[in-house]
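Fold and geometry: a report
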Amino acid sequence: MSDWLAPDVIASAPGRVNLIGEHIDFSQGFVLPFAIADRTYARIRKRGDQIIRIRSAQRSNDIITTSINQLAPGSDGDWEQYVLGVIWALGIQNGVDIEIDGHVPLGAGLSSSAALECAVAFALNNLFACGYSLKELALLAQKAENKYVGVPCGIMDQSVSLMAKSGSALLLDCRDLETRLIPFDLAASGLQLLIIDTQVQHALVDGGYAQRRQSCESVVEKLAIVSLRDLSYSELEETKNLLPEEEYKRARHSVTEIARVLKAVDALTNKDFTALGQLINESHRSLRDDYEVSCPELNCAVDTAISIGAVGARMVGGGFGGSAIALVKTGEIASIQSAIKEAFARSGFDVPRFFTSLPSDGARIEPLT
Ligand code: GLA
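None of the values given here were measured: they were computed from a predicted structure. Along each chain, the written sequence defines residue order, and numbers are assigned to residues from 1. Selection of residues for local features in this predicted model requires a pLDDT of at least 70, selection of side-chain atom pairs for listing and counting requires 80 or more, and totals for whole chains, interfaces and linings are taken over all residues. Hydrogens and water molecules were not included; the side-chain quantities draw on all heavy atoms of the structure.

**Points about the sheet that holds strand 7 (residues 168–173)**
This is how the line gets drawn: DSSP calls a pair of strands paired once it identifies at least 2 bridges connecting them. Counting from the N terminus, the helices are DSSP H or I runs at least four residues long and the strands are E runs at least two residues long. Contacts are assigned to residue pairs that have any heavy atoms within 4.5 Å of one another. Under this scheme, a helix contributes an axis fitted over its contacting stretch, all axes are lines through C-alpha atoms, and angles between N-to-C directions fall in the 0 to 180 degree range.
The sheet built from three strands is open, its strands ordered 2-7-8 with antiparallel pairing. Two strands bound the open sheet, and with one partner strand each, they are strand 2 (30–31) and strand 8 (178–183). The sheet contact formed by strand 2 and strand 7 spans two bridges and is antiparallel. Each bridged residue has a counterpart across the sheet, and for Val31 the counterpart in strand 7 is Leu172. Against the sheet, helix 4 (residues 156–163) contacts strand 2, strand 7 and strand 8, and its axis sits at roughly 135° relative to strand 7.

This is the structure we're talking about:
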């Protein structure tokens, strides 16, 4: 990292992969993500005025300068809006210099934006002794994204980036943000989680995400319930005729996905990876056919992985691009990767990137270096 500023505090926060529980955080569902090893770092120094200066170690010649009293939700800008949104949401009244060093792949569906928000939020909370709890920080980071940046995301990404623990997946109840750590030691069972970045850039601001969310909210309104969490599968079937076909399908994804998360927790607890793999496969089919947020590249990665022997595979995150995951036997990882590469080449898709990651820790203060 550069010596642009001698920071008063350095915090880091990770990106995430969601094992299962997609597009149900805003329906008060359960989700089961874990933090990946890639992190974003925020180095922050207090100023004696109200000026805010931000720069990124990746683009060190661009310095964005503004001030506390110019913070305005919905203003135009680029990645720095996420940083400004967090300063605004936390109610910071003091000027700051901030340098961001991001190592979470961008646009890959691995939550680089939540990592950025949470690194800044965690650092500011420490620097100004705000006293916010992790739950409060997650809600404030989400508020920054919803209100300041204008992206209607749920609460999963910020929660896991702040609350994750190494060695475990995080069962998050999105109704009250209560969490339970579910031990996730794949290596001991001879397995690995392969992350396949399709290189199709996805952005939640593009509209498809908001439309899906609106469909879910419309069902909640029509059925006069608090959230889709309150709807059982049989109740949904009974009300099928009251809903337009598309909304019914969106709700069917949500209701079945919430049930799959709880079954996945049982499967993980019992180390029943065959059952876990099947749930992961069902999740993908539901996201592809009922929720319609997959894309040809994601389907190709998933289908190829399964055909070559993956225990389970599915798209992750917001969809329309980004990454897929495959649960694979450690000895088969190389053959699955090359089969996916070949299938992408045959279809004329861009060359995919592969990662593996162990479940890592959430946001933390780093030593000053
Ligand atoms: C994005 C959002 C999350 C969540 C996922 C889909 O990552 O930021 O809140 O809705 O999509 O599960």
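So that's the structure; there's more coming.
**Observations concerning the environment of Ile100**
Here Ile100 lies in strand 6 (residues 96–102). In this structure the C-alpha to C-alpha distance between Ile100 and Ile52, which are 48 residues apart in sequence, comes to 13 Å. Discounting residues that sit within four places of it in the chain, Ile100 has contacts with Thr40, Tyr41, Ala42, Arg55, Ser56, Ala57, Gln58, Trp79, Val83, Leu116 and Val120.

**Overview of the site of the ligand**
Rules: A molecule or strand has a residue near it when one of that residue's heavy atoms lies within 4 Å. Two N or O atoms count as a polar contact when they lie within 3.5 Å, although within protein this holds only if one can serve as hydrogen donor and the other as acceptor, and sequence-adjacent residues are included solely when both atoms are side-chain atoms. A 1.4 Å probe that fits but cannot get out identifies a cavity on a 1 Å grid over protein atoms alone, an open set with protein on both sides within 12 Å along at least five of seven lines counts as a pocket, and a residue lines either if it has an atom within 4 Å of a point. By definition, a pocket or cavity contains a molecule when more than half of the molecule's atoms lie within 2 Å of the pocket's grid points. For this classification, Asp, Glu, Lys and Arg are treated as charged, while Ala, Val, Leu, Ile, Met, Phe, Trp, Tyr, Cys and Pro are nonpolar and the rest, including Gly, are polar. What counts as a domain boundary in this text is fixed by an automatic or database domain assignment.
Looking at the ligand, there are 13 residues lining it, with Glu22, His23, Asp25, Asp157 and Tyr209 nearest. A distance of 2.6 Å separates an oxygen atom of the ligand from a polar backbone atom of His23. The separation between an oxygen atom of the ligand and a polar side-chain atom of Tyr209 is 2.6 Å. With respect to the detected pockets, the ligand is housed in the largest pocket. Class assignment for the residues of the shell around the ligand results in five nonpolar, four polar and four charged. Each of two domains, domain 1 (9–182 + 360–366) and domain 2 (184–356), supplies a minimum of three residues to the shell around the ligand.

**Regarding the side chain of Ser111**
Mapping Ser111 onto the fold places it in the loop between strand 6 and helix 2 (112–127). Within the structure, Ser111 has its side chain in polar contact with the side chain of Asp157 (distance 2.9 Å). In contact with Ser111, other than residues within four places in its own chain, are Gly15, Arg16, Val104 and Asp157.

**With respect to the nonpolar core**
Selection criterion: Side-chain atoms within 4.5 Å are what join buried Ala, Val, Leu, Ile, Met, Phe, Trp, Tyr and Cys residues into a set we call a nonpolar core. Note on classification: 1.4 Å probe, protein chains only; a residue is buried when its accessible area is under 20% of the maximum for its type, exposed when over 50%, partly exposed between these limits.
Leu19, Leu32, Ile44, Val83, Ile87, Val120 and Leu124 are the most contacted members of the largest nonpolar core, which totals 121 residues. Mapped onto the domain boundaries, this core takes at least three residues apiece from domain 1 (9–182 + 360–366) and domain 2 (184–356). With residues near it in sequence (within four places) discarded, Val120 still touches Ala42, Ile44, Val83, Val86, Ile98 and Ile100.

**Let's talk about the layout of surface pockets**
Gaps between atoms show up when a probe of the same size as a water molecule is rolled over them. This is how the line gets drawn: Grid points are joined across faces, edges and corners, and a volume is the space filled by probe spheres set on the points.
By volume, the largest pocket amounts to about 940 Å³. Around the largest pocket, the lining comprises 44 residues; the ones closest to its centre are Tyr82, Leu106, Gly107, Ser112 and Ser113. Among the secondary structure elements, those contributing two or more residues to the lining of the largest pocket are strand 6, helix 2, helix 3 (134–149) and helix 4. Ranked by residues supplied to the lining of the largest pocket, first place goes to helix 2 with four residues. When the residues that make up the lining of the largest pocket are grouped by side-chain class, the tally is 20 nonpolar, 17 polar and seven charged. Here the lining of the largest pocket spans two domains, since at least three of its residues come from each of domain 1 (9–182 + 360–366) and domain 2 (184–356). Reported here for the second largest pocket is a volume of approximately 180 Å³.

**Observations concerning the environment of Val219**
Mapped onto the secondary structure, Val219 falls in helix 5 (residues 208–222). C-alpha separation for the pair Val219 and Arg250, spaced 31 residues apart in sequence, amounts to 8.9 Å. Setting aside residues no more than four positions away along its own chain, Val219 makes contact with Leu228, Leu243, Glu247 and Ala251.

**Details of helix 2**
Definition in use: By definition here, a helix of n residues has an expected span of 1.5 Å times n minus one.
The first and last C-alpha atoms of helix 2 sit 23 Å apart over 16 residues, in line with the 22 Å expected at 1.5 Å per residue. Counting buried positions over the 16 residues of helix 2 gives 14, a clear majority of the element. Positioned one or two residues after helix 2, Ala129 has a phi angle of 45°, which is positive.

**Things to note about the packing of helix 2 against helix 3**
Test applied: Just so you know how the angles are binned, under 35 degrees is roughly parallel, over 145 roughly antiparallel, 65 to 115 roughly perpendicular, and the rest oblique. By definition, turning the near helix anticlockwise from the far helix through less than a right angle yields a left-handed crossing, and turning it clockwise yields a right-handed one.
Two elements in contact, helix 2 and helix 3, have axes separated by 10 Å at closest approach and are oriented at 125°. If you check the angle between helix 2 and helix 3, you find them oblique. In the crossing of helix 2 with helix 3, the sense of the turn from one axis to the other is right-handed. On helix 3, the residues touching Ser113, Glu117, Cys118, Ala121, Phe122 and Asn125 of helix 2 are Leu134, Leu137, Ala141 and Glu145. In terms of residue class, the contact of helix 2 with helix 3 is built from six nonpolar, two polar and two charged.

**Comments concerning the domain arrangement of the protein chain**
The line we're drawing: What counts as buried area is the accessible surface, traced by a 1.4 Å probe, that two parts surrender upon association, with contributions from both included. For this analysis, a salt bridge means a side-chain nitrogen from Lys or Arg found within 4 Å of a carboxyl oxygen belonging to Asp or Glu.
For the protein chain, the assigned domains are domain 1 (9–182 + 360–366) and domain 2 (184–356). The interface of domain 1 with domain 2 comprises 38 residues on the first partner and 46 residues on the second. A per-residue breakdown of the area domain 1 buries against domain 2 is headed by Leu19, Ile20 and His23, which together make up 21% of the total. On inspection of domain 1 and its partner domain 2, the count reaches three salt bridges. Between Asp173 and Arg229 there is a salt bridge, and its shortest N-O distance comes to 2.9 Å.

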